[in-house]
Amino acid sequence: FTKWIPSKYVIHSDKFALISYTFLACIILTIALFITKGAKFGQYGLGFTNYLVLTIVVINLHIFIGDNRSTRDMVENYLPRERDSYTLFAYRGIPSSLVFYTGKIIKKLDWEEINSLQTWEVENNDIYLYMREKDFESCKKELYKIGFCQAGNGSNSVFLKKTGHF
């Protein structure tokens with residue numbers, strides 16, 4: 001499971017223990033109600049167990065929904081339709097939806113490789129760089145100095161474009 005989700009979003013043991021202990025306590029409550037009060041109260045206890053555990057799971061797993069949104073709209077609006085007319089890179093992480101909708105092999109870059117993009121021999125003139133909005137805000141000035149400009153942004157990510165000959 002963790003190979004598809006970044007390690008900072010893995011369920012930590014304390015949250016897993018909270019879910020497990022809550023589920024265990026509710027099951028014990030349900031069995032106790034079933035034995036002492038009958039089947040009708042046992043069903044109420046089972047319904048309460050489902051409600052409580054699902055609520056806790058949804059509250060603790062909401063972080064998976066926000067960062068893994070689809071990049072379909074960004075690809076359709078900000079990247080050229082011809083796949084061979086640009087080279088695409090990603091900073092710090094490559095979302096699977098970006099690979100799917102572009103149909104391209106995307107290389108993950110770190111900051112030193114982004115700084116050295118001027119010396120690379122690229123067969124295309126346009127270079128696009130995918131970044132998370134938080135990363136872009138922290139290094140915006142340096143990216144503008146290198147020659148990148150903002151091509152478009154999505155809900156929490158940005159496409160940067162660099163054109164010209166090297």
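Higher on the page you've got the structure.
All values reported here derive from a predicted model rather than from experimental measurement.

1. Considerations on the overall build of the protein
For step 1, the next point in the chain: Within the protein, the regular secondary structure consists of seven helices and five strands.
For step 2, the next point in the chain: In sequence order, the protein lays out its α and β elements as α-α-α-β-α-β-α-β-α-α-β-β.
For step 3, the next point in the chain: Classification of the 166 residues of the protein by burial places 33% in the buried group.
For step 4, the next point in the chain: Sequence separation of 24 or more characterises 58% of the internal contacts of the protein that already satisfy a separation of 6 or more.
For step 5, the next point in the chain: When the accessible area of the protein is evaluated, it comes to approximately 10900 Å², of which 59% is carbon and sulfur surface.

2. Topic: the side chain of Thr102
For step 1, the next point in the chain: By the element assignment, Thr102 lies in helix H4 (residues 96-102).
For step 2, the next point in the chain: Assessed through its relative accessible area of 2%, Thr102 is described here as buried.
For step 3, the next point in the chain: Here Leu98 takes part through its backbone oxygen, which lies 2.7 Å from a polar atom of the side chain of Thr102.
For step 4, the next point in the chain: Setting aside chain neighbours within four positions, we find Thr102 in contact with Val75, Leu79, Arg83, Tyr86 and Leu88.

3. With respect to the pairing of strand S1 (residues 86-91)
For step 1, the next point in the chain: With six of six residues buried, S1 lies mostly within the body of the structure.
For step 2, the next point in the chain: Bridge analysis of S1 against strand S3 (residues 126-132) gives five bridges, and the strand direction is parallel. Counted as the bridge partner of Ala90 is Tyr130 from S3.
For step 3, the next point in the chain: As judged from the three bridges shared by S1 and strand S2 (residues 107-109), these two strands associate in the parallel manner. Bridge assignment links Ala90 to a residue of S2, and that residue is Lys108.
For step 4, the next point in the chain: In terms of handedness, the path from S1 via H4 over to S2 forms a crossover that is right-handed.

4. Thoughts on the nonpolar core
For step 1, the next point in the chain: Membership of the largest hydrophobic core comes to 14 residues, with the highest contact counts inside it found for Ile114, Leu129, Met131, Phe136, Leu143, Phe148 and Leu160.
For step 2, the next point in the chain: Put simply, the parts of the chain that give this core at least two residues each are S1, S3, helix H7 (140-146) and strand S5 (157-162).
For step 3, the next point in the chain: Sorting elements by how many residues they give to this core places S3 first, with three residues.
For step 4, the next point in the chain: Listed in part, the 11 residues of the second largest apolar core include Val75, Leu98, Tyr128 and Tyr130.

5. Describing the pattern of salt bridges
For step 1, the next point in the chain: Tallied over the entire structure, the rule returns three salt bridges.
For step 2, the next point in the chain: The partner of Glu113 in a salt bridge is Lys107, and the shortest N-O contact between them spans 3.7 Å.
For step 3, the next point in the chain: What makes Glu113 partly exposed here is its relative accessible area of 24%.
For step 4, the next point in the chain: What makes Lys107 partly exposed here is its relative accessible area of 38%.

Criteria and thresholds
Residues numbered from 1 in each chain as written. Predicted model: local features only at pLDDT ≥ 70, side-chain atom pairs only at ≥ 80, totals over all residues. Heavy atoms only, no water. Helix = DSSP H or I, 4+ residues; strand = E, 2+ residues; numbered from the N terminus. Buried < 20%, exposed > 50% of the residue type's maximum accessible area, 1.4 Å probe, protein only. Contact = heavy atoms within 4.5 Å. Areas by Shrake-Rupley, 256 points an atom, 1.4 Å probe, with all protein chains shown as cover. Polar contact = N/O pair within 3.5 Å; in protein donor to acceptor, adjacent residues only side chain to side chain. Pairing = 2+ DSSP bridges. Right-handed = clockwise from strand over helix to strand, strands pointing away. Core = buried A, V, L, I, M, F, W, Y, C linked by side-chain atoms within 4.5 Å. Salt bridge = Lys/Arg side-chain N within 4 Å of Asp/Glu carboxyl O.

Keep in mind these values describe shape, not function.
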